[in-house]
Amino acid sequence: MKVEAVELRIVRMPLRFPFETSFGREDAKHAVLVRAQADGLVGWGEVPAMAAPLYNEETVQTAWHVLRDFLVPALLGVELQHPRQVRERLRFVRRHHMAKAGLEAAVWDLYAQQQGRSLRELLGGVQDRVEVGVSLGIEATVDDLVRRVEGFLAEGYRRVKVKIRPGWDVEVVRELRRRFPDVPLQVDANSAYTLEDARVFEAMDDLGLLLIEQPLGEDDLVDHAKLQARLRTPICLDESIVHPHDARKAIELGSCRVVNIKAARLGGLTAAVETHDVCAERGVPVWCGGMLETGIGRLANLALASLPNFRLPGDLSASDRYFEEDLIEPPVVLEPDGTIRVPEQVGIGPRVRLDRVDRVTVRREWVRVG
Ligand code: SMG
Ligand code: MG
């Protein structure tokens, strides 16, 4: 298979509700969509970067630049036997994992269609539905947060994750635990603390949390190991794990007991599967993280989350958690048992509604051979 042409688009999708984390507030989801053509087929991938480099170093603009000027030209016209070869082909560009992941995802979708198979099958997925949870941003008041949690529980979500930051942590989580004594609950700090704040996490240690996600610096496996040694609650790393070998090192150091897997952060589905395997071999459970993806990225995440070592509910909510109208049809929906079905159709599954993509596109350009 040879990719003949790639269309890049920057899209901006208004969020139904603003989403606030320890690093800022978002009113819209920005992404780069990658539409790749080969042999009369079209494959889609998503770069779920943000408008600003707050979660990691990438933005939709950096992804646009790196895709347009380096990654896409390096892939066009190249004979590929399997999408796993994309990672090697793009290795000459350092980092820019989200940009790489978006392009690789489009090739996975193309290849799956060419083979007449689902992405789930190709990746080695074994579950036909995956357990999911909802991720909640920081709200104006604890009462507002409680009301939002009630709403999502009523919709059928079974696991709740809340964002924390200094000043919005122990008291908030304690109150949630008081109001929802049995709900599987976890927190995500997005690197907002240092080891000097260990008492914050010690104070949360008896609240029965599933895990504490990325409490400390993204580049700090050593202090995470020190913190984990002081806690019974598992630490889960997100931002720190950008390569499969980071997972191995974190596990060996004792920096975490659970790993969040995002193909976007790791540079693609190939690296995500490898990270899954590294963790599985060491008996460490993983779960699928999210970046408020549009349906395009969401479907790929679902396929990934069907691998056997995804043993905790993912940040994989239904399309209507974030969007009035998703880019795919049918949209991703929550089943009454709090799961989401993994598509069985070829490729990523549901079709992409180009008319809707057009409506949210703010920039587009074709990149072709020559
Ligand atoms: O996709 O439902 C989702 C969002 C999940 O909280 C989520 N993602 O650090 O895990 C994380 C955050 C990163 C994005 S915050 C804008
Ligand atoms: Mg996180």
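Numbering of residues starts from 1 in each chain and follows the order in which that chain's sequence is written. To label them, take the chains in the order written and letter them from A, then take the ligands in the order written and number them from 1. Totals for whole chains, interfaces and linings use every residue, but because this is a predicted model, local features are given only for residues with pLDDT of at least 70 and side-chain atom pairs only at 80 or more, for both listing and counting. To obtain the side-chain values, all non-hydrogen atoms of the structure were included, while hydrogens and water were left out.

(A) Region of the structure containing the site of ligand 1. Only heavy atoms are used to decide nearness, and a residue is near a molecule or strand if one of them lies within 4 Å of it. The immediate surroundings of ligand 1 are formed by 18 residues, with S135, K161, N190, L292 and Y322 found nearest. Contacts described as polar in this section are N or O atom pairs within 3.5 Å, which, within protein, must combine one atom able to donate a hydrogen with one able to accept it, while residues neighboring in sequence count only if both atoms come from side chains. Within the backbone of L292, one N or O atom sits 2.7 Å away from an oxygen atom of ligand 1. Computed with a 1.4 Å probe, the accessible areas rest on the Shrake-Rupley method; for each residue, only the protein chains presented here act as cover. For ligand 1, whose free accessible area comes to 440 Å², the fraction covered by protein is 99%. If you list the elements that add at least two residues to the shell around ligand 1, you get strand 1 (5-21) and strand 6 (160-163). As a working rule, the residues Ala, Val, Leu, Ile, Met, Phe, Trp, Tyr, Cys and Pro are called nonpolar, Asp, Glu, Lys and Arg charged, and the rest polar, with Gly in that last group. Taken together, the residues of the shell around ligand 1 sort by class into 6 nonpolar, 4 polar and 8 charged. We count a stretch as a helix when DSSP gives it H or I for four or more residues in a row; a strand needs E for two or more, and each element gets its number in order from the N terminus.

(B) Region of interest: the packing of helix 5 (residues 142-155) against helix 6 (residues 170-179). Note on definitions: angles span 0 to 180 degrees between N-to-C directions of axes, and those axes are lines fitted to C-alpha atoms, for helices only across the stretch in contact. Two elements in contact, helix 5 and helix 6, have axes separated by 11 Å at closest approach and are oriented at 40 degrees. Between helix 5 and helix 6, the interaxial angle falls into the category oblique. Note that helix 5 runs across helix 6; the crossing there is right-handed. Where helix 5 approaches helix 6, its residues V142, L145, V146, V149 and E150 are matched on the opposing element by V172, E175, L176 and R179. Comment on the angle field: the value is read as roughly parallel under 35 degrees, roughly antiparallel over 145, roughly perpendicular from 65 to 115, and oblique elsewhere. Here is the rule for handedness: rotate from the far helix to the near one, and if that takes an anticlockwise turn smaller than a right angle the crossing is left-handed, while a clockwise turn gives right-handed. The contact rule is simple, with two residues in contact once any of their heavy atoms fall within 4.5 Å.

(C) How the structure looks around the sheet that holds strand 5 (residues 134-136). Any two strands with at least two DSSP bridges between them are considered paired. Spatial ordering of the open sheet is given by 5-6-7-8-9-10-11, a layout of 7 strands whose pairing is parallel. Of all the strands in the sheet, just strand 5 and strand 11 (286-288) have a single pairing partner and so form its edges. Direction of pairing for strand 5 relative to strand 6: parallel, over a ladder of 3 bridges. Among the inter-strand pairings, S135 is bridged to a residue of strand 6, identified as K161. With respect to the sheet, helix 5 is in contact with strand 5 and strand 6, its orientation differing from that of strand 5 by roughly 170 degrees.

(D) Structural detail: helix 1 (residues 60-75). The bend at a residue is defined as the angle formed between two axes, one fitted to the seven residues ending at that residue and one fitted to the seven starting there. Of all the bends found along helix 1, the most pronounced is centred on L67 and spans about 50 degrees. Exposure categories follow from relative accessible area, calculated using a 1.4 Å probe and restricted to protein chains: below 20% of the type maximum is buried, above 50% is exposed, and the middle band is partly exposed. Within helix 1, burial applies to V60, A63, W64, V66, L67, L71, V72, A74 and L75. Those residues of helix 1 that are buried are in contact with strand 1, strand 2 (24-38), strand 3 (41-47), helix 2 (84-89), helix 3 (97-115) and strand 15 (361-368). With a side-chain oxygen positioned 3.1 Å from the backbone nitrogen of Q61, the residue opening helix 1 is T59.

(E) Quick look at helix 6. Among all positions in helix 6, only V170, V172, V173, L176 and R177 are buried. All buried residues of helix 6 project into a common sector of 165 degrees when viewed along the axis, lining one side. What points out from helix 6, more than 90 degrees from its buried face, is the exposed set E171 and R178. Where helix 6 is buried, its residues meet helix 5, strand 6, strand 7 (185-188) and helix 7 (198-204). Along the arc lie the directions from the helix axis toward the C-beta atoms.

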